[in-house]
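Structural description and commentary
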Amino acid sequence: LLSALLEEAGDPDWEVFLTSYLGGVHLGVGTPLPRTPAVYPPKVHWRLPQQQEVPDWETPPPSEPSFRDNYKSAREAVRELKTMFEEEKVEGMMVELPEDEARKLYPGDSLRVASLGAIAKTDDTFRVVHDGTHGVRVNNEVQRRDQVTMPGAPEIKALVRHASADGRYSWCLKADFAKAHRRVKIRRCDWGLQACKLGGDTVWVNTVGTFGIGTAGYWWGRLAAIMAR
């Protein structure tokens, strides 16, 4: 429905619902992220130099699975994280697999078990940080082509000044979404790239965007921008 409304309104990004979001988006590892010139300028600078070392967007040769230990903050909050994971499993955001089965479903380096960190929040819950960079190198291999801009307070002030100069009233609406990064489905073949462990012989894989994977913000931001327009 939203795609049809956007098409009727002439939105330049209406097709993304049919080409990406419907079946699950990809993380950009081995498959370049889309180029959307009608919405974003081209990306010309990468924070991680390794992202520029993959010639012609070729996939690096497969290697053994990466298994990383969790950081101290996550090791000290295993019980709380386990409860969170169980709740998200019910919502379809995570899947728990026996380690042997996970290795079969995601052979070689398509299974990457990242280190987790846990940041305590004011409501006695935790923000789980999935380290997609160190050791597992998921973020290092992301092939991004769109440059996402991050407007902040200076841009808001500039808009208010511009409106005031013309004698118009100005106002600002701020919205927040619970688990925003986790509101976008990931294609099944990429689930193994977002794996983690809490101990034992099981592996947890994320089926949605994950805080700590570089493309989560891109896909959520693109979706939010479409809804705002």
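Relevant structure appears above.
These remarks concern the structure in this document. Worth saying up front: this structure is predicted, and the values here are computed from it rather than measured.

Some remarks on unusual backbone geometry
Leaving glycine aside, a negative phi is the common case for residues, and trans is the common case for peptide bonds. The backbone of Arg137 sits at a positive phi, close to 60°, despite the residue not being glycine. Here Arg137 lies in the loop between strand 5 (126-131) and helix 6 (153-165). In the Ramachandran plot, Lys179 falls in the positive-phi region, its phi being about 55° despite a non-glycine side chain. Its location among the elements puts Lys179 in the loop between helix 6 and strand 6 (195-196).

Examining a nonpolar patch on the surface
Together, Leu1, Leu2, Leu5, Phe177 and Met227 line one region of the surface with nonpolar side chains, adding up to about 540 Å² of accessible area. Relative to the assigned elements, Phe177 resides in the loop between helix 6 and strand 6. For Phe177, a relative accessible area of 43% translates into the label partly exposed.

Re the pattern of salt bridges
Oppositely charged side chains may form a pair once their charged atoms are brought near each other. Following the criterion strictly, the structure yields 16 salt bridges and no others. In this structure, the salt-bridge partner of Glu99 is Arg103, at a minimum N-O distance of 3.2 Å. Of this pair, Glu99 and Arg103 both sit in helix 5 (residues 99-105), four residues apart, which is roughly one turn of that helix. Across the salt bridge formed by Glu141 and Arg112, the nearest N and O atoms sit 3.1 Å from each other. Linking Glu141 in the loop between strand 5 and helix 6 with Arg112 in strand 3 (residues 112-113), this pair joins segments that are 29 residues apart in sequence. Among the charged side chains, a network of salt bridges with common partners joins Lys82, Glu86, Lys89 and Glu96.

Cut-offs applied
Residues numbered from 1 in each chain as written. Predicted model: local features only at pLDDT ≥ 70, side-chain atom pairs only at ≥ 80, totals over all residues. Heavy atoms only, no water. Helix = DSSP H or I, 4+ residues; strand = E, 2+ residues; numbered from the N terminus. Patch = residues over 30% accessible without salt bridge, like charges linked within 9 Å, V, L, I, M, F, W, Y side chains within 5 Å. Areas by Shrake-Rupley, 256 points an atom, 1.4 Å probe, with all protein chains shown as cover. Salt bridge = Lys/Arg side-chain N within 4 Å of Asp/Glu carboxyl O. Buried < 20%, exposed > 50% of the residue type's maximum accessible area, 1.4 Å probe, protein only.

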